[in-house]
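The primary structure of each chain is shown beneath.
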Amino acid sequence: MISANLSVINKRIARAAAAAGRAPEEITLIAVSKRQPRELISQALTAGQLDFGENYLQEAEEKIKVITGPVRWHFIGRLQSNKAKKAVRDFDLIHTVDRLKLARGLDRAAASLGKKQKILVQVNVGREAQKGGVLAEKCQELLENLKTLANLKVRGLMTMPPQVASGEEARPYFAKLRELADQMAGQGLLPATPALSMGMSGDFEAAILEGATMVRVGTAIFGARE
Ligand SMILES: *Cc1c(COP(=O)(O)O)cnc(C)c1O
């Protein structure tokens, strides 16, 4: 079942990429496995899925210990500065860096583990009080400060738009993140082709039309969470 779901999602990604005049290889599917049993993750692995996203450090740690093989783990949840070391130890890419204090903690942790930690800066494009992410107008200042942290590699931006009824309604938020990333890249604060982590089960095609390079899909692959 997981393998069939993955194949449907990959076809939808390819179709959206084609509609946007992009190559499907430009888009990485991250299977969001938070609150999903290990058995389903194993099924996805067997089906060839490589990238997995987790939100909770404790839960992820238990899975990462026992799931072996060529897996790339993405941290997509809220992160506290005092948990930086765990996050750096376990994750290939941390998508949710939104403040300097956290970045400093990650930088120190990376230095002590002898790792260059890849990160994304999370932007609160919808300006929602309850959501993580730096406000768009504060992004440049944060990126300038991140430049001074030698053990972090800032790859691009991530966002979670407000809950809207359809992908079409989410598109302006995705477009805004892309424009911001292009601006920041133009100033040398991000790589020339920055990573854009945006789009979930309900709106990943809209995100691809607006330039997403990583989509984070949970329920459409694994079904409802526990
Ligand atoms: C849970 C989660 C997802 C996946 O959401 P689905 O709607 O299940 O696809 C994606 N991104 C983040 C940040 C999440 O917390």
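Residues numbered from 1 in each chain as written. Predicted model: local features only at pLDDT ≥ 70, side-chain atom pairs only at ≥ 80, totals over all residues. Heavy atoms only, no water.

A short note on the overall build of the protein
Phase 1 of the analysis: Each helix and strand counted, the protein has 9 helices and 8 strands in total.
Phase 2 of the analysis: By principal-axis analysis of the C-alpha atoms, the protein measures approximately 45 × 40 × 30 Å.
Phase 3 of the analysis: Put simply, the protein has 226 residues, and 53% of those count as buried.
Phase 4 of the analysis: The contacts in the protein between residues at least 6 apart in sequence include a share of 57% that link residues at least 24 apart.
Phase 5 of the analysis: Of the roughly 10400 Å² of accessible surface on the protein, 50% is carried by carbon and sulfur atoms. (Helix = DSSP H or I, 4+ residues; strand = E, 2+ residues; numbered from the N terminus. Buried < 20%, exposed > 50% of the residue type's maximum accessible area, 1.4 Å probe, protein only. Contact = heavy atoms within 4.5 Å. Areas by Shrake-Rupley, 256 points an atom, 1.4 Å probe, with all protein chains shown as cover.)

Considering the site of the ligand
Phase 1 of the analysis: Around the ligand, a shell composed of 13 residues is seen, among which Lys34, Asn55, Ser201, Arg216 and Gly218 lie nearest.
Phase 2 of the analysis: Interatomic distance of 2.8 Å between a backbone N/O atom of Gly218 and an oxygen atom of the ligand.
Phase 3 of the analysis: Thr219 places a polar main-chain atom, nitrogen or oxygen, 2.9 Å from an oxygen atom of the ligand.
Phase 4 of the analysis: A total of 390 Å² of accessible area belongs to the ligand in isolation, and the protein chains cover 91% of it. (Near = heavy atom within 4 Å. Polar contact = N/O pair within 3.5 Å; in protein donor to acceptor, adjacent residues only side chain to side chain.)

What to know about the nonpolar core
Phase 1 of the analysis: Counting 67 residues, the largest nonpolar core has Leu106, Val121, Val123, Leu146 and Leu157 as its most contacted members.
Phase 2 of the analysis: Among the elements that make up this core, the one with the highest residue count is helix α7 (residues 167-186) (7 residues).
Phase 3 of the analysis: Look past the residues within four positions of Val121 in its chain and what remains in contact with it is His95, Val97, Val134, Cys139, Leu142, Leu143, Leu146, Val154, Gly156, Leu157 and Met158.
Phase 4 of the analysis: The next biggest cluster of nonpolar side chains, apart from the first, holds 6 residues, and it includes Ile30, Leu120, Ala195 and Met214. (Core = buried A, V, L, I, M, F, W, Y, C linked by side-chain atoms within 4.5 Å.)

Section: the environment of Arg178
Phase 1 of the analysis: Assignment of secondary structure puts Arg178 in helix α7.
Phase 2 of the analysis: We classify Arg178 as partly exposed; its relative accessible area is 26%.
Phase 3 of the analysis: Sequence-wise, Arg178 and Thr148 are 30 residues apart; in three dimensions their C-alpha atoms are separated by 24 Å.
Phase 4 of the analysis: Dropping the residues within four chain positions of it, Arg178 is found in contact with Leu196, Glu210 and Gly211.

Quick notes on helix α5 (residues 100-113)
Phase 1 of the analysis: Here α5 spans 20 Å end to end across 14 residues, near enough to the 20 Å set by a 1.5 Å rise per residue.
Phase 2 of the analysis: Turning to α5, its buried residues are Leu100, Leu102, Ala103, Gly105, Leu106, Asp107, Ala109 and Ala110.
Phase 3 of the analysis: Along its buried surface, α5 packs onto α4 (84-90), β4 (93-97), β5 (117-123), α6 (139-146) and β6 (152-159).
Phase 4 of the analysis: Count one or two residues on from α5 and you reach Gly114, which has phi positive near 65°. (Expected span 1.5 Å × (residues − 1).)

Quick look at the pairing of strand β8 (residues 214-217)
Phase 1 of the analysis: What you see with β8 is no split at all: Met214 and Arg216 on one side and Val215 and Val217 on the other are buried throughout.
Phase 2 of the analysis: When strand β1 (residues 28-32) meets β8, the two strands line up parallel, connected through 4 bridges. Along β8, the bridge assignment pairs Ala31 with Val217. (Pairing = 2+ DSSP bridges.)

Let's talk about the environment of Glu210
Phase 1 of the analysis: Relative to the helices and strands, Glu210 resides in the loop between α8 (204-209) and β8.
Phase 2 of the analysis: Overall, the relative accessible area of 9% leaves Glu210 in the buried class.
Phase 3 of the analysis: Between the C-alpha atom of Glu210 and that of Pro172, which follows or precedes it by 38 residues, the distance is 8.6 Å.
Phase 4 of the analysis: Among all residues touching Glu210, those that are not within four sequence positions of it are Arg171, Phe174, Ala175, Arg178 and Met198.
Phase 5 of the analysis: A distance of 2.5 Å separates the side chain of Glu210 from the side chain of Arg178, its partner in a polar contact.

Observations concerning unusual backbone geometry
Phase 1 of the analysis: Phi is positive for Arg35, which is not a glycine, with a value near 50°.
Phase 2 of the analysis: Among the secondary structure elements, Arg35 is positioned in the loop between β1 and α2 (38-46).

Looking at the packing of aromatic side chains
Given two aromatic rings, one states the distance between the centres and the angle between the planes to describe the pair.
Phase 1 of the analysis: Taken as a whole and judged by the stated rule, the model has 2 aromatic pairs.
Phase 2 of the analysis: Where Phe52 meets Trp73, the ring centres are 5.8 Å apart and the plane angle is 40°; that geometry is what we call tilted. Taken as a pair, Phe52 in strand β2 (residues 51-54) and Trp73 in strand β3 (residues 72-75) lie far apart in primary sequence, 21 residues in all.
Phase 3 of the analysis: Assessed through its relative accessible area of 0%, Phe52 is described here as buried.
Phase 4 of the analysis: Between the aromatic rings of Phe75 and Phe91, the centroid separation amounts to 5.2 Å while the plane-to-plane angle is 70°, which identifies the pairing as edge-to-face. Of this pair, Phe75 sits in strand β3 while Phe91 sits in the loop between α4 and β4; the two residues are 16 residues apart in sequence, bridging distant segments of the chain. In this structure, Phe75 and Phe91 share a single accessibility class: buried. (Phe/Tyr/Trp six-rings, centres within 6.5 Å; stacked < 30°, edge-to-face > 60°.)

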